[in-house]
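Chains, contacts and geometry: an overview
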Amino acid sequence: MASPSQAILLLQKQLKDLCKHPVDGFSAGLLDENNLFEWSVTIIGPPDTLYEGGFFNAIMSFPQNYPNSPPTVRFTSEIWHPNVYTDGKVCISILHPPGDDPNGYELASERWSPVHTVESIVLSIISMLSSPNDESPANVEAAKEWREQRDNFKKKVSRCVRRSQEMM
């Protein structure tokens, strides 16, 4: 089991790696320099998607036993997406606790694994923005619009992108 000190060492290393080798599509840093367990992340809307041009802010919160348990990611910017709850919390397989899915929707191999890093998590979120999963939505209304009223969905996403640009 990972101890808080192991988590701190790993998070320090991941932060240092991201500072040395920034990754296209997002930036990440500490929300408060005295707390390695709360990160501020800005995701740039991926090219050729409805989210292109947007700057979406999120908070990534790590548990004390990271990397044995996944962090949570919550958008603080308004975002309309089938895999984001209305409170901004991101719902993707790799952020679900390790092991078998009690609901039987996901394979254990799709869920959290300690090999994931901040980089792999954010890249998965960028991928989620590119390809929503409406089969197992966090936001049922957004998923229904995505499937049945694509023009309405696009308008709501465009409004979110515009608002994110105004906040910069």
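Residues numbered from 1 in each chain as written. Predicted model: local features only at pLDDT ≥ 70, side-chain atom pairs only at ≥ 80, totals over all residues. Heavy atoms only, no water.

The following threshold applies: UniProt positions are given in the numbering used here, feature names are shortened, and annotations may be inferred rather than shown by experiment.
Identification of the protein as UBC core domain-containing protein from Penstemon davidsonii is taken from an unreviewed UniProt entry. The Sequence similarities (unreviewed entry) comment attached to the protein in UniProt states, word for word, "Belongs to the ubiquitin-conjugating enzyme family."

1. Quick notes on the overall build of the protein
Put simply, the test is: Working definition: helices are DSSP H or I runs of at least four residues, strands are E runs of at least two. Numbering for both runs from the N terminus. Each residue's exposure class comes from its accessible area (1.4 Å probe, protein chains only) as a fraction of the maximum for that residue type: buried when under 20%, exposed when over 50%, partly exposed otherwise. In what follows, a contact means two residues having at least one pair of non-hydrogen atoms within 4.5 Å. Areas reported here follow the Shrake-Rupley algorithm with a probe of radius 1.4 Å; residue values treat only the protein chains shown as occluding. Only four residue types enter the tally: Lys and Arg on the positive side, Asp and Glu on the negative side, with His and both chain ends excluded. Where a charge sits is defined by one atom per residue type, namely NZ (Lys), CZ (Arg), CG (Asp) or CD (Glu).
Summing up its helical and strand segments, the protein has four helices and four strands in all. The linear arrangement of helices and strands in the protein, starting from the amino end, is α-β-β-β-β-α-α-α. Principal axes of the C-alpha set define a box for the protein whose edges measure 50 × 40 × 25 Å. Here the protein, with 168 residues, has 42% of them falling under the buried criterion. Counted over contacts in the protein with a minimum sequence separation of 6, partners at least 24 positions apart contribute 54%. If you sum the accessible surface of the protein, you get close to 9300 Å²; carbon and sulfur atoms cover 50% of it. Across the protein, the centroid of the 15 positively charged side chains sits 4 Å from that of the 21 negatively charged ones.

2. Description of the UniProt feature "active site" (unreviewed entry) in the protein
According to UniProt, the "active site" (unreviewed entry) feature falls on Cys91. Here Cys91 shows up in the loop between strand E4 (72–75) and helix H2 (118–130). Accessibility expressed as a relative area gives 15% for Cys91, which makes it buried. The residues contacting Cys91, other than those within four sequence positions of it, are Asn83, Tyr85, His96 and Ala138.

3. Focus on the sheet that holds strand E3 (residues 55–61)
Heads up, the rule is: A pair of strands is considered paired only if DSSP assigns at least 2 bridges between the two. Only C-alpha atoms enter the line fits that serve as axes; for helices the fit covers just the stretch in contact. Angles between N-to-C directions range over 0 to 180 degrees.
Spatially, E1-E2-E3-E4 is the arrangement adopted by the four strands of the open sheet, whose pairing is antiparallel. Strand pairing shows two members of the sheet lacking a second neighbour, strand E1 (26–32) and E4, which therefore form its edges. Averaged over all pairs of adjacent strands, the angle between strand axes in this sheet comes to 30°, irrespective of strand direction. With four bridges joining them, E3 and E4 adopt antiparallel strand pairing. Looking at the pairing, Met60 lines up with Val73 of E4. Seen against the sheet, H2 touches E1, strand E2 (35–44), E3 and E4 and runs at an angle of roughly 35° to E2.

4. Concerning the nonpolar core
Cut-off, in case you're wondering: Buried Ala, Val, Leu, Ile, Met, Phe, Trp, Tyr and Cys residues that are joined via side-chain atoms within 4.5 Å together make up what is termed a nonpolar core.
Core analysis: the largest hydrophobic core is formed by 40 residues, its most contacted members being Ile43, Met60, Phe75 and Ile125. Of all elements in the fold, only helix H1 (4–20), E2, E3, E4, H2, helix H3 (140–148) and helix H4 (150–166) reach the threshold of two or more residues within this core. In terms of residue count, the dominant contributor to this core is H2 (seven residues). Not counting residues within four places of it along the chain, the set of residues in contact with Ile125 comprises Ile43, Val73, Phe75, Val90 and Ile92.

5. Comments concerning the UniProt feature "domain: UBC core" (unreviewed entry) in the protein
Here, UniProt's "domain: UBC core" (unreviewed entry) annotation points to residues 6–166. Between the end C-alpha atoms of residues 6–166 there is a gap of 39 Å, over a span that is 34% helix and 17% strand.

6. A word on the packing of H3 against H4
Geometry of a packed helix pair, given as the angle between the helix axes and the separation of the axes. This is how the line gets drawn: Orientation categories follow fixed angle ranges, with anything under 35 degrees roughly parallel, anything over 145 roughly antiparallel, 65 to 115 roughly perpendicular, and all other angles oblique. Gly falls in the polar group here, along with every residue not listed as nonpolar (Ala, Val, Leu, Ile, Met, Phe, Trp, Tyr, Cys, Pro) or charged (Asp, Glu, Lys, Arg).
Packing of H3 against H4 leaves a shortest axis separation of 6 Å and a crossing angle of 125°. Comparing the axis directions of H3 and H4 gives the class oblique. Every residue of H4 that contacts H3 at Glu141, Ala142, Glu145, Trp146 and Glu148 is listed here: Arg150, Asn152, Phe153 and Lys156. When its residues are assigned to classes, the contact of H3 with H4 shows three nonpolar, one polar and five charged.

7. What about the packing of aromatic side chains?
In plain terms, the rule: Two aromatic rings from Phe, Tyr or Trp, using only the six-membered ring of Trp, form a pair when their centres are within 6.5 Å; if the ring planes differ by under 30 degrees the pair is stacked, by over 60 it is edge-to-face, and anything between is tilted. Two thresholds decide whether a charge sits over a ring: the Lys NZ or Arg CZ must be within 6 Å of the ring centre and within 35 degrees of the ring normal.
One pass over the full model with this rule turns up six aromatic pairs. Three or more aromatic residues joined by ring pairs form one cluster here, namely Trp39, Phe62, Tyr66 and Trp112. Arg150 extends its terminal NZ or CZ atom over the ring of Trp146, reaching a point 3.6 Å from the ring centre.

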